[in-house]
Amino acid sequence: MREPGEEKDGEPDRWPGAGGLPFDPEAFRREGRVVIDWIADYWASLPGRPVLSDVEPGEVAARLPAAAPETPESLAAVLGDLDRIIVPGLTHWQHPGFFAYFPANASGPSILGELLSAGLGIQGMLWTTSPAASELEGVVVDWLRQLLGLPDRFRLGGDGGGMIQDSASSGLLCCLVAARERAAADGTGQRIVYASADAHSSVVKGAKIAGFPAAAIRRIETDSAGRLRPDCLEAAIRDDSAAGQIPCFVVATVGTTARGAIDPVPAIGAIARRYGAWLHVDAAWAGTAAICPELRPRIVDGAELADSWGTNPHKSMLVNFDCHCLWIASRHALASALTTKPDYLSTAVGDAGVVVDYSDWQVPLGRRFRALKLWMVLRMIGAESLRQRVRDHVAWTSEFTDLVAADPAFEILSSPSLALVTFALREGDAATAGLLARVNRAGPVFFSHARVGGRLAIRMAVGGTLTGRADLLDAWELISAMSRAGGNEPGRPEGPSPFSRFP
Ligand SMILES: *Cc1c(COP(=O)(O)O)cnc(C)c1O
């Protein structure tokens, strides 16, 4: 057996086997450098890669051994397989030509924060299990609250507070459970959830998990710009109340998934107040743009009426997935709905309410130290650069939209909302679907689709870390060339691709 850190001929990066130290500092130092270099090379290689993988279903799994090895393998062997088997089967989300879904951007400081979090290996479920993890989280989330111009009612210290969860879906679910418990005291009717027809799928998923039957979910009509209609919301709530039901939870979306529509939160909030329903603002994608004062009013208006407000720095704010920031006006409402403190989790300071045990505000008990990466991004990149990035993305998207609008073959289906625009071929859905499939198969870009006003749209969301103005101009050149060439342009070979199929 080798001693920890000992190198065998030709296999300098092998970890010690049984009996060695999993934390061998020298092996970690050496291999850590190799992995950091691998990541830096990967980022540099992205512009030369196709965004989408063309693997067939089952192809990656078939290239992997069916069982784990009995004896240690070298880092070189693992990285070799990463290069040969895994990377070709990835969609490259950090690619400068990635315009699909929403960006899930990242940055050096964020990735280093993630690494430090793993290196520290702490578990911040209770304040006592790592006081600094809880306190740093409270502080950095409040830094972000101030940068976004969110109201004082969400400040930790009063009745409210902010925290980091894994995702907007989890944050919404926790708030929904808190709303359900708050409404429970009021009567025996069915509690009802309201959200616009264009609200995110996490509303329905959260309602399912929280035990709301499908008949208790109201999808409220939107106006021609995709915004929830307050008159329709009020009518639905009034009818439900008259029928003995309990208006429980209203979701206002700031930045809908399909087209970035911003619901009129002040009007929605006034209605929710009037009927005693919980108002949750889902600003998962658009929320972080409020860091720019000139964009802020549209995004945070009405937040003072919200019981909870959530946004994802892991979309466009250079914090790698996962990092959802959730603010609540009444931490008591959340904690009282979710807390179950068995003996083994009870602590003097936690039980006395002197400190916050964030595990009482979320689904899992365990907590990753996510505050580090947000802290590092805010400190090492700084608010001014983060603002400039939002401004660039909005300006480039508007410039791109002008190019599309000037081409008579195309039609803008929803004008830009921040850095999100949707467009289509005038010819119709089939032509748009064909064009989208050909453009995505060409390699350097990836767009996803949406339904806008019943039409199939090519949907462009700008916000990648490596995406520059030139990438948008190139993307338009590719799209317009392919729209003129019909189905005959060169590109990657035609073949089944999971992204060429449309509903
Ligand atoms: C992205 C998004 C979500 C879901 O975000 P997760 O963090 O992946 O759960 C929910 N709502 C809106 C409006 C979104 O843009």
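Since this is a predicted model, take the numbers as computed values, not measurements.

About the cut-offs
- Residues numbered from 1 in each chain as written.
- Predicted model: local features only at pLDDT ≥ 70, side-chain atom pairs only at ≥ 80, totals over all residues.
- Heavy atoms only, no water.
- Phe/Tyr/Trp six-rings, centres within 6.5 Å; stacked < 30°, edge-to-face > 60°.
- Helix = DSSP H or I, 4+ residues; strand = E, 2+ residues; numbered from the N terminus.
- Buried < 20%, exposed > 50% of the residue type's maximum accessible area, 1.4 Å probe, protein only.
- Lys NZ or Arg CZ within 6 Å of the ring centre and 35° of its normal.
- 1 Å grid on protein atoms, 1.4 Å probe; cavity = no way out; pocket = protein on both sides within 12 Å on 5 of 7 lines; lining within 4 Å.
- Points joined across faces, edges and corners; volume = space filled by probe spheres on them.
- Nonpolar A, V, L, I, M, F, W, Y, C, P; charged D, E, K, R; others polar.
- Domains from an automatic or database assignment.
- Pairing = 2+ DSSP bridges.
- Axes fitted to C-alpha atoms, helices over the stretch in contact; angles between N-to-C directions.
- Contact = heavy atoms within 4.5 Å.
- Buried area = accessible area lost by both parts, 1.4 Å probe.
- Salt bridge = Lys/Arg side-chain N within 4 Å of Asp/Glu carboxyl O.
- Polar contact = N/O pair within 3.5 Å; in protein donor to acceptor, adjacent residues only side chain to side chain.
- Near = heavy atom within 4 Å.
- Areas by Shrake-Rupley, 256 points an atom, 1.4 Å probe, with all protein chains shown as cover.
- Sits in = over half its atoms within 2 Å of the grid points.
- Disulfide = S-S within 2.5 Å.
- Parallel < 35°, antiparallel > 145°, perpendicular 65-115°, else oblique.
- Left-handed = near helix turned anticlockwise from the far one by under 90°.

Chemist: Honestly, the packing of aromatic side chains in this entry has me stumped. Any pointers?
Modeler: The description of two aromatic rings rests on the distance between their centres and on the angle between their planes. Going through the model one piece at a time under the given rule, you end up with 13 aromatic pairs. Measuring from centroid to centroid gives 5.6 Å for Phe98 and Phe446, while their planes differ by 80°, and the two rings are edge-to-face. Of the two residues, Phe98 sits in the loop between helix 3 (75-86) and helix 4 (108-120) while Phe446 sits in the loop between helix 16 (429-442) and strand 10 (448-452), which places them 348 residues apart along the sequence. Arranged with centres 5.9 Å apart and planes meeting at 75°, the rings of Tyr101 and Phe446 form a pair that is edge-to-face. Of this pair, Tyr101 sits in the loop between helix 3 and helix 4 while Phe446 sits in the loop between helix 16 and strand 10; the two residues are 345 residues apart in sequence, bridging distant segments of the chain. The exposure class of Phe446 is buried, given its relative accessible area of 2%. Put simply, the rings of Trp93, Phe98, Tyr101 and Phe446 touch in pairs and so form one group of aromatic residues. Arg459 extends its terminal NZ or CZ atom over the ring of Phe102, reaching a point 4.6 Å from the ring centre.

Chemist: Help me understand the layout of surface pockets in this model?
Modeler: One simple way to see leftover space: roll a probe sized like a water molecule over the atoms. Considered as a void within the structure, the largest pocket measures approximately 540 Å³ in volume. Together, 22 residues line the largest pocket, and Trp38, Ile39, Tyr42, Trp43 and Ile111 are the ones closest to its centre. Contributions of two or more residues to the lining of the largest pocket are made by helix 1 (25-45), helix 3 and helix 4. Counted by class, the lining of the largest pocket contains 16 nonpolar, five polar and one charged residues. Here the lining of the largest pocket gathers at least three residues from each of two domains, domain 1 (46-52 + 91-106 + 384-503) and domain 2 (112-380). Space inside the second largest pocket adds up to approximately 440 Å³. Secondary structure elements with two or more residues in the lining of the second largest pocket: helix 6 (168-184), helix 11 (313-316) and strand 10.

Chemist: Whenever I open this one, the sheet that holds strand 5 (residues 278-282) confuses me. Can you help?
Modeler: The seven strands are arranged 1-7-6-5-4-2-3 in an open sheet whose pairing can be described as mixed. Of all strands in the sheet, those bounded by a partner on one side alone are strand 1 (161-165) and strand 3 (217-220). Across this sheet, the average inter-strand angle for adjacent strands is 20°, counted without regard to direction. Summarising the sheet, strand 2 (residues 191-196) and strand 4 (residues 246-253) pair through four bridges and their orientation is parallel. If you follow Arg191 over to strand 4, its bridge partner there is Ile246. The sheet strands contacting helix 9 (residues 265-274) are strand 4 and strand 5, and the helix crosses strand 5 at an angle near 160°.

Chemist: Would you mind showing me how to read the domain arrangement of the protein here?
Modeler: Interfaces are often sized by the amount of accessible area the parts lose when they come together. Its domain assignment divides the protein into domain 1 (46-52 + 91-106 + 384-503) and domain 2 (112-380). The straight-line distance from the C-alpha centre of domain 1 to that of domain 2 is 30 Å. Contact residues are listed per partner, giving 23 residues for domain 1 and 25 residues for domain 2. Summed over both sides, the interface between domain 1 and domain 2 buries roughly 2100 Å², with carbon and sulfur atoms accounting for 65% of that surface. Per-residue buried area on domain 1 facing domain 2 is highest for Phe102, Leu386 and Leu418; these three make up 32% of the total on that side. Here domain 1 and domain 2 share one salt bridge between them. A salt bridge links Glu294 to Arg391; its shortest N-O distance comes to 2.6 Å. The tally of links between domain 1 and domain 2 comes to eight residue pairs in polar contact (both at pLDDT 80 or more). The biggest single contributor to the side of domain 1 that touches domain 2 is helix 15 (residues 383-405), with six residues. When its residues are assigned to classes, the side of domain 1 that touches domain 2 shows 13 nonpolar, five polar and five charged.

Chemist: Would you take a moment to explain the site of the ligand for this structure?
Modeler: Taken together, 14 residues form the shell around the ligand, and within it Ala168, Ser169, Asp282, Asn312 and Lys315 come nearest. Contact between the ligand and Ala168: an oxygen atom at 2.8 Å from a main-chain N or O atom of the residue. Contact with the protein chains hides 88% of the accessible area of the ligand, taken as 390 Å² for the molecule alone. The cavity where the ligand resides is the second largest pocket.

Chemist: Where do I start with the state of the cysteines in this structure?
Modeler: By definition, a disulfide links two cysteine residues through a covalent bond between their sulfur atoms. By the definition in use, this model includes zero disulfides. Summary of cysteine pairing: Cys175 is not part of a disulfide, and the nearest cysteine sulfur, belonging to Cys174, is at 6.8 Å. Taking the relative accessible area as the measure of exposure, Cys175 reaches 0% and is therefore buried. Residue Cys323 stays outside any disulfide, its sulfur separated by 4.5 Å from that of Cys325, the closest cysteine. A residue is classified by how much of its surface remains accessible, and Cys323, at 0% relative accessible area, is buried.

Chemist: In this structure, what is going on with the packing of helix 15 against helix 17 (residues 469-485)? I would like to understand it.
Modeler: To describe two helices that pack against each other, one gives the angle between their axes and the distance between the axes. With their axes 10 Å apart at the nearest point, helix 15 and helix 17 run at an angle of 20° to one another. Taken together, helix 15 and helix 17 sit at an angle that is classed as roughly parallel. Note on packing geometry: the crossing formed by helix 15 with helix 17 is right-handed. Here helix 15 contributes Trp396, Thr397, Glu399, Phe400, Leu403 and Val404 to the contact with helix 17, which in turn contributes Arg469, Leu472, Leu473, Trp476 and Ile479. When its residues are assigned to classes, the contact of helix 15 with helix 17 shows eight nonpolar, one polar and two charged.

Chemist: Just to check I follow, could you spell out the sheet that holds strand 10 for this structure?
Modeler: The strands making up a sheet are joined through hydrogen bonds of the backbone, oriented either antiparallel or parallel. The four strands lie next to each other as 8-9-11-10, forming an open sheet whose pairing is antiparallel. Among the strands making up the open sheet, the edge pair consists of strand 8 (410-417) and strand 10. Between one strand axis and the next, the sheet turns by 35° as a mean value, whatever way the strands run. Here strand 9 (residues 420-425) runs beside strand 11 (residues 455-461); their pairing, made up of four bridges, is antiparallel. By the bridge assignment, Phe423 is partnered in strand 11 with Ile458. Helix 16 rests against strand 8, strand 9, strand 10 and strand 11 of the sheet, and its axis sits at about 35° to strand 11. Along the sheet, helix 17 contacts strand 8, strand 9 and strand 11; its crossing angle with strand 8, the most-contacted strand, is approximately 155°.

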